[in-house]
Amino acid sequence: QVQLVESEGGLVQAGGSLRLSCAASGRTFSRKAMGWFRQAPGKEREFVAAINWNGGSTSLANSVKGRFAISRDNAKNIVYLQMNSLKPEDTAVYYCAASSRYTEAPVSTPFYDYWGQGTQVTVSS
């Protein structure tokens, strides 16, 4: 059984920071891509960040470039999303995702096979 468990999100003021983590268990993802997506109410799930198997390559959505960063610790099977300078428009449910097929950092949902349960991030103005 593959499980991706996100850390608790939370409520943060605009301009603040928050770090999300995602722990993978049941299967080793150290050689596969992992990513973060988010979904706001009434909107489709959108790409946020992705990282390749060894952390050497990352992709970020234009809306979060310069503010967010993705990293991973393969020894612990954990991927992180550091979010700085948060804005109200970052409010969404954030999902961790893992690919069983790709080693690089894909930016679309079909490339990912496993998903976490999601964690709410709310940014107040």
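Since the model is a prediction, treat every value here as computed from it, not as a measurement.

Caption draft 1: Just the side chain of Arg67, in detail. With respect to the helices and strands, Arg67 occurs in the loop between β6 (58–60) and β7 (68–73). Side-chain polar atoms of Arg67 contact the side chain of Asp90, separated by 2.7 Å. Here Arg67 is in contact with Gln82, Met83, Asn84, Ser85, Leu86, Lys87 and Asp90, once residues within four sequence places are set aside.

Caption draft 2: Main features of the side chain of Thr119. The residue Thr119 is located in strand β11 (residues 119–124) in this model. Only 2.6 Å separates the side chain of Thr119 from the backbone nitrogen of Gly9, close enough to count as a polar contact. In contact with Thr119, not counting residues within four places along its chain, are Glu6, Ser7, Glu8, Gly9, Leu20, Ala92, Val93 and Tyr94.

Caption draft 3: Representation of the pairing of strand β1 (residues 3–6) in the model. Of the two faces of β1, the one lined by Leu4 and Glu6 is fully buried and the one lined by Gln3 and Val5 carries no buried residue. Across four bridges, the pairing between β1 and strand β3 (residues 18–25) is antiparallel. By the bridge assignment, Leu4 is partnered in β3 with Ala24.

Caption draft 4: Structural context of the nonpolar core. Membership of the largest hydrophobic core comes to 33 residues, with the highest contact counts inside it found for Met34, Trp36, Leu81, Met83 and Tyr94. Elements that contribute at least two residues to this core include exactly β3, β4 (34–39), β5 (46–51), β7, β8 (78–83), β9 (92–98) and β11. Residues within four places of Leu81 in sequence aside, it is in contact with Leu18, Arg19, Leu20, Trp36, Val48, Ala49, Phe68, Ala69, Ile70 and Tyr94.

Caption draft 5: A look at the environment of Ser99. Residue placement: Ser99 occurs in the loop between β9 and β10 (114–115). Put simply, Ser99 and Gly26 are 73 residues apart on the chain and 14 Å apart in space, counted from C-alpha to C-alpha. If we ignore the near neighbours within four places in the chain, the residues touching Ser99 are Phe29, Lys32, Ala33, Phe111, Tyr112 and Asp113. At a separation of 3.1 Å, a polar atom in the side chain of Ser99 contacts the main-chain amide nitrogen of Arg101.

Caption draft 6: Molecular detail of the state of the cysteines. On inspection of all chains with the given rule, the structure shows one disulfide. In this model Cys22 forms its disulfide with Cys96; the gap between the sulfur atoms is 2.1 Å. The disulfide joining Cys22 to Cys96 has a torsion of about -80° about its S-S bond and is therefore left-handed. Taken together, the positions of Cys22 in strand β3 and Cys96 in strand β9 put the pair 74 residues apart, joining distant regions of the chain. When sorted by exposure, Cys22 lands in the same class as Cys96, which is buried.

Caption draft 7: Spotlight on unusual backbone geometry. Unlike most non-glycine residues, Asn77 shows phi in positive territory, near 55°. For Asn77, the location among the structural elements is in the loop between β7 and β8. By relative accessible area, Asn77 is classed as buried at 14%. Positioned with a positive phi, Ser85 is a non-glycine residue whose angle comes to about 45°. With respect to the helices and strands, Ser85 occurs in the loop between β8 and β9.

Cut-offs and rules
- Residues numbered from 1 in each chain as written.
- Predicted model: local features only at pLDDT ≥ 70, side-chain atom pairs only at ≥ 80, totals over all residues.
- Heavy atoms only, no water.
- Helix = DSSP H or I, 4+ residues; strand = E, 2+ residues; numbered from the N terminus.
- Polar contact = N/O pair within 3.5 Å; in protein donor to acceptor, adjacent residues only side chain to side chain.
- Contact = heavy atoms within 4.5 Å.
- Buried < 20%, exposed > 50% of the residue type's maximum accessible area, 1.4 Å probe, protein only.
- Pairing = 2+ DSSP bridges.
- Core = buried A, V, L, I, M, F, W, Y, C linked by side-chain atoms within 4.5 Å.
- Disulfide = S-S within 2.5 Å.

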